[in-house]
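Remarks on the overall topology
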Amino acid sequence: MATTTTNAVSPTMGALRRTRARFARRGLSTSPGNGGGLALAIISAMAFGLAGPLGKPLMDAGWSPAAVTSGRVLFGSLLLAPATLLLLRGKWHLVAQQRWPVLAYGVLAVAGAQLCYFQAVTRIPAAVALLLEYMGVVLVVLVMWARTGRAPAPLTLAGMGVAVGGLVLVLDLNSTGLDPIGVLWGLAAAVGLATYFLVGSSVDKDLPAVAVAGLGMFVGGLTLLVAGLFGMLSLSTSTAPSTIGSLEVPWWVGVALLGLVSAGLAYGAGTMATRRLGATVASFVGLTEVLFTALFGWLLLGQHLGPVQLVGGAVVLGGIVLVRAQEARELRTAARRAERETAAHDASQPEPARTA
């Protein structure tokens, strides 16, 4: 009869766990071929990109921007409520344990980003405010740098610069003087956007992503309503029909579509994508929201897309490819390191004792 002894945790599993922990701290994925996460991120960006084209008809019918956003996220949370309640069966203790990340997601990522953006556009052009909000992508990289003490790789920095440069082209900025208070509001919106990606990637993985999105939207919608009650936002509404493309629909259909697509689907898919891709890559893929906004604005609202914007879109995609390539390179390096650690561990182990 032969007898052997084994460790409680195999060297391979130990190396993989260390790799996962290291990449999680840096906001990266641990799955080099995670096409599912990338697909979810693109679906989320498309859904977010429809927020403007679906929301503008409501605003043209008499709704204020803040009322459109409040209705959007509250209706989205209502649509996700059945799934949220089902997924949280027996897991409400996790919600209590993760209450601060969930509150941060709702107050900062959902409500804060919207509130600050609306305050910004009252003082500076909307395109400039949107550009400042998307500086949250840069903030994600800086937070990961501060958290780990490790500077981003040159390819990541290059991708960041290329993507932001492309974003400037897509937004086609042509303003000169800027109100400094408006700029500060825009940068505050960037904090909210960064929170969306950072919290989405770091919250307890046992807490379902869809539930995090549903709870976050509910908290965010209530926060926007409270801000409206205190006069920080205008929450005017209208029962007049709205026109989407060439189709006239009742106001409630417009709100329902907005909540279903650009809230429920957008936040739900986005939170799942962020968990799979990590905060860094997910935030860069999120830049495609601006491209989809321009595309859907052209298809549904007849808004013109110029050559500069088309070039800018290609540049943004190029920046995303660079960041994704750097992540894949680091994953391959980490995998080789884990293999070496496993081989060294196996070589150092004595032959198992054998007894007859």
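Residues numbered from 1 in each chain as written. Predicted model: local features only at pLDDT ≥ 70, side-chain atom pairs only at ≥ 80, totals over all residues. Heavy atoms only, no water.

As a reminder of what qualifies: UniProt positions are given in the numbering used here, feature names are shortened, and annotations may be inferred rather than shown by experiment.
Under the heading Subcellular location (unreviewed entry), UniProt records this for the protein chain: "Membrane". Per UniProt, the comment on the protein chain under Sequence similarities (unreviewed entry) is "Belongs to the EamA transporter family."

1. With respect to the overall build of the protein chain
Basically, it comes down to this: Runs of E in the DSSP output that reach at least two residues are strands. Runs of H or I that reach at least four are helices, and both are numbered from the N terminus. Relative accessibility thresholds used throughout: buried, under 20% of the residue-type maximum; exposed, over 50%; partly exposed, between the two (1.4 Å probe, protein chains only).
When its secondary structure is counted, the protein chain shows 15 helices and two strands. By residue count, 49% of the 356 residues in the protein chain fall in the buried class.

2. Remarks on the nonpolar core
Where we set the bar: Among the buried residues, those of types Ala, Val, Leu, Ile, Met, Phe, Trp, Tyr and Cys that are joined through side-chain atoms within 4.5 Å form a nonpolar core. Any two residues whose heavy atoms approach within 4.5 Å at even a single point are treated as in contact.
Ranked by internal contacts, the top residues of the largest apolar core, which has 86 residues, are Y105, L167, L207, Y267, F284 and L287. Here the element with the most residues in this core is helix α6 (residues 99–121); it accounts for eleven residues. Residue contacts for L287: discarding those within four places in its chain leaves Y134, V137, A163, L167 and V316.

3. Brief notes about the side chain of S242
Along the chain, S242 falls in strand β1 (residues 242–244). Residue classification places S242 among the buried positions, given a relative accessible area of 1%.

4. Concerning the confidence of the model for the protein chain
Filter applied, for reference: Values of pLDDT, which run from 0 to 100, indicate the predictor's confidence residue by residue.
The predicted model of the protein chain averages 78 in pLDDT, with 80% of residues at 70 or higher. Here residues 1–17 scores under 50 on pLDDT; set against residues more than four positions off or in separate chains, the count is 18 contacts.

5. Thoughts on helix α8 (residues 136–148)
Stated precisely, the cut-off is as follows: In this analysis, the expected span of each helix is defined as 1.5 Å times one less than the number of residues it contains.
Along its 13 residues, α8 runs 18 Å from first to last C-alpha, staying within 8% of the 18 Å computed at 1.5 Å per residue. Two residues or fewer past α8, G149 is found with a positive phi of approximately 75°.

6. Observations concerning the environment of V170
Locating V170 in the fold gives a position in helix α9 (residues 154–171). Here the alpha-carbon distance between V170 and A314, two residues 144 residues apart in the chain, equals 9.4 Å.

7. A few points about helix α4 (residues 65–87)
Here is the rule we go by: At every residue, the bend is computed as the angle between two fitted axes, covering the seven residues ending there and the seven beginning there respectively.
Helix length check: α4, at 23 residues, gives a terminal C-alpha distance of 32 Å against a target of 33 Å (1.5 Å per residue), a fit within 8%. Of all the bends in α4, the largest measures some 50° and sits at A81, one to four residues before the proline P82. Those residues of α4 lying buried are A66, A67, V68, T69, S70, G71, R72, V73, G76, S77, L80 and T84.

8. With respect to the pattern of salt bridges
Stated formally: Salt bridge, as applied in this entry: a Lys or Arg side-chain nitrogen positioned within 4 Å of an Asp or Glu carboxyl oxygen.
Within the structure shown, the criterion is met by one salt bridge. Among the salt bridges present, the one from K56 reaches D60, with a minimum N-O distance of 3.1 Å. Highlighted residues: K56 and D60, both in helix α3 (residues 51–60), separated by four residues, approximately one helical turn. The class for D60 is exposed, based on a relative accessible area of 57%.

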